[in-house]
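These are the residues of each chain, in order.
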Amino acid sequence: MTRPDEQSPVLAVTGLSVRFRMRGGQYIAAVSDATFELRPGECLALVGESGCGKSVLASALLGLLPGNAETAGTAHLGGPAGTEPVELLTAGEQVLSRTIRGRRVGLIPQSPAAHLTPVRTVRAQLEETVRELTRIRRPRLRRAAETAAERAAFPADHLDRYPHQLSGGLAQRAATALALVGDAALLLADEPTTGLDRDLVEHTVDELRRHISPTPARAPTPAPVQDPACASNAAPDADAATAAGPATSPGPAAGTGARDTAMSSDRGADPAADTVSRPVPQARALLMITHDLAAAQRVADRVAVMYAGRIVELSDARDFFGAPGPRHPYARRLLDALPERSFTPIAGMPPELGHLPPGCSFAPRCDQANDQCATLPTLTDGVACHHAPPPAYRAPLAGPGQRAEAGPASAPCSVADKPRATLPDDGGPGTIASDSGPRTNEAHHA
Ligand code: SF4
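Residues numbered from 1 in each chain as written. Predicted model: local features only at pLDDT ≥ 70, side-chain atom pairs only at ≥ 80, totals over all residues.

A. Fine view of the overall build of the protein. Helices and strands together make up the secondary structure of the protein, namely 14 helices and 10 strands. Put simply, 75% of the contacts in the protein that link residues at least 6 apart link residues at least 24 apart. (Helix = DSSP H or I, 4+ residues; strand = E, 2+ residues; numbered from the N terminus. Contact = placed C-beta atoms within 7 Å.)

Below, the structure written as structure tokens:
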């Protein structure tokens, strides 16, 4: 019989809006009317160009918005049996800091180097986190911290380094290790693959997947047949060649199964190690914010596409990355922009969030726009577009954990081979730094 905590969502977000009050009484609408759920064992990939509001949404869920932010809507955090639901948008700072952050919601931040304490070594920070979030104490603490580092492929011989001595990729792995310690019911991963090379991308997202579901991410990716056109686009992690992380060693380390075998032989019967990497219950979920579409394709059950602060498509990952493909014109063009697809950039630039056009925000860039698009389309049947094709029939998923198969049929490379499928990270006019343009909005929480 299914337990109640397996049925109710880990996170239910309804009508979430965030706007920033600027000088002169102007507003910037960073997130508008976002509605989605995360079920136990499910991974939702939130994708979109830089500045579309993805990270603001995550900050709102953790109560980490600046003082000039106003929010509306609700975000109910469920979780395992025995834990009280929490309304994240109205919870006080004391509740958030003592019972939510790290314990019930783990965060892999977008800027890990800034997130780490600069005057303490990675080992000291990991040991402190393990001590605070688990019942492990000395003498098992040291080994538990090392095991936590292993989960994120952080090399043991770098544990005594300070954050300023780490590359961007190693800082990312340290932050990931810290986020996984608490075994939180909800994991918010904000660009968790930034600065990682291809093998570590797969290792990292597989570990995140394993955090929410004991189901292996997929059979280990076979050793790639090198295609020069693909290999030349790999984004290197400066320390990957020298760091002693598991994913950098020869062999099928990118596969979860292979890595787990290696880890269990390393761990032996250490009870501390078992505590920080124990088999996971089902009542966990992952919200992965990313512009790395290959990573999203690898682990996501569903995909939410954001444009100009709004979710414009919410789709099964199999449908989105495979057939029939995205239904929203912007989402289709996102995939078309990838090197392994037609490599066609999206014409024009995203609108400034303080200067959103009336009606559909994508209209100035959309070749299907007509008079009807002057009216704002609502998210209906998973898409916010007046001219979207109807949803195609798809046999229902058996449950969270069955994800998109690797690679579109037309892709020239396997997931392991192909160049990093990332969205433009332009920091352009879509960024929320702009302070121009008033915006009328529904009542916001102060
Ligand atoms: S509503 Fe109109 S402008 Fe907006 S994406 Fe659909 S067709 Fe294009």
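There's plenty left to go through after this.
B. Examining the environment of Ala-45 more closely. Within the fold, Ala-45 resides in strand E3 (residues 43–47). Sequence-wise, Ala-45 and Ala-304 are 259 residues apart; in three dimensions their C-alpha atoms are separated by 6.1 Å. Ignoring any residue separated from it by four or fewer positions in sequence, one finds Ala-45 in contact with Met-288, Thr-290, Ala-296, Ala-300 and Val-303.

C. Representation of the confidence of the model for the protein. Looking at the protein as a whole, the pLDDT averages 76, with 70% of positions reaching at least 70. Counting contacts from residues 1–5, a segment whose pLDDT is below 50, to residues more than four positions away or on other chains yields 6 contacts. Taken as a whole, residues 216–280 scores under 50 in pLDDT and shows 117 contacts with residues more than four places along the chain or in a different chain. (pLDDT = per-residue confidence, 0-100.)

D. Structural context of the environment of Thr-290. Note on placement: Thr-290 falls in strand E8 (residues 285–290). As a C-alpha pair, Thr-290 and Thr-194 span 96 residues in sequence and 8.8 Å in three-dimensional space. The residues touching Thr-290, leaving out its near neighbours within four places in the chain, are Ala-45, Val-47, Glu-191, Thr-193, Ala-295 and Ala-296.

E. Representation of the sheet that holds E8 in the model. Strands sit in the order E6-E7-E8-E3-E9-E10 across an open sheet of 6 strands; the sheet is mixed. Two strands bound the open sheet, and with one partner strand each, they are strand E6 (105–108) and strand E10 (310–316). Recorded for the sheet is a direction-independent mean angle of 15° between the axes of neighbouring strands. As judged from the 5 bridges shared by strand E7 (residues 186–190) and E8, these two strands associate in the parallel manner. Its bridge partner being in E8, Leu-188 is matched across the sheet by Leu-287. Of the strands in this sheet, E6 and E7 are in contact with helix H7 (residues 168–181), which crosses E6 at around 180°. (Pairing = 2+ DSSP bridges. Axes fitted to C-alpha atoms, helices over the stretch in contact; angles between N-to-C directions.)

F. Quick look at the pairing of strand E9 (residues 302–307). Along E9, 6 of the 6 residues are buried, which leaves the element largely enclosed by surrounding structure. Neither face of E9 is exposed, since Arg-302, Ala-304 and Met-306 on one face and Val-303, Val-305 and Tyr-307 on the opposite face are all buried. Pairing of E3 with E9 involves 4 bridges; the strand directions are parallel. Within E9, the position partnered with Leu-44 by the bridge is Arg-302. Of the strand pairs in this sheet, E9 and E10 are connected by 6 bridges, and their pairing is antiparallel. Directly across from Met-306, in E10, lies its bridge partner Ile-311. Taking the residues between adjacent antiparallel strands as the criterion, E9 and E10 are bridged by 2 residues, where Ala-308 takes a positive phi near 50°. (Buried ≥ 20, exposed ≤ 12 C-beta atoms within 10 Å, placed from the backbone.)

G. Expanded view of the sheet that holds strand E2 (residues 27–38). Strand order across the open sheet formed by 4 strands is E2-E1-E4-E5, with antiparallel pairing between neighbours. The open sheet terminates on both sides in strands that have one partner only, identified here as E2 and strand E5 (86–87). In this sheet, E5 lies alongside strand E4 (residues 69–77) in antiparallel orientation, the contact comprising 2 bridges. Looking at the pairing, Leu-77 lines up with Val-86 of E5. Contacting strand E1 (11–21), E2 and E4, helix H2 (residues 54–61) crosses the sheet at an angle of about 70° to E2.

H. Local environment of unusual backbone geometry. Each neighbour pair has its own omega, and for Arg-138 with Pro-139 the value is 15°, a cis peptide bond. Checked against the element boundaries, Pro-139 lands in the loop between helix H5 (122–133) and helix H6 (141–151). Across the junction of Ala-323 and Pro-324, the peptide omega takes the value 5°, indicating a cis bond. Here Pro-324 lies in the loop between helix H13 (317–321) and helix H14 (329–336). Its identity as a non-glycine residue notwithstanding, Asp-183 has a phi of 50°, on the positive side. Within the element layout of this structure, Asp-183 appears in the loop between H7 and E7. Among the residues examined, Asp-183 registers 20 C-beta atoms within 10 Å and is labelled buried.

I. View of the environment of Pro-357. In this fold, Pro-357 is placed in the segment after H14. According to the C-beta neighbour criterion, Pro-357 is partly exposed, with 14 such atoms within 10 Å. Spatially, the C-alpha atom of Pro-357 lies 9.7 Å from that of Leu-376, the residues being 19 residues apart in sequence. Filtering out sequence-adjacent residues up to four positions away, Pro-357 remains in contact with Pro-351, Ala-363 and Pro-364.

J. Summary view of the pairing of E2. Across the 12 residues of E2, 9 count as buried, placing the element largely inside the fold. Sheet topology places E1 next to E2; 8 bridges connect them, and they run antiparallel. By the bridge assignment for E2, Leu-11 is matched with Leu-38. Once E1 ends, the chain turns through 5 residues before running back antiparallel as E2, passing Gly-24 with a positive phi of about 85°.

K. The arrangement of the nonpolar core in detail. Ala-174, Leu-186, Leu-188, Met-288 and Val-305 are the most contacted members of the largest nonpolar core, which totals 105 residues. Ranked by residue count, the leading element in this core is H7, at 9 residues. Ignoring anything within four residues of it in the chain, the contact list for Leu-188 reads Ala-58, Leu-61, Leu-62, Val-105, Gly-106, Leu-107 and Leu-287. (Core = buried A, V, L, I, M, F, W, Y, C linked by C-beta atoms within 7 Å.)

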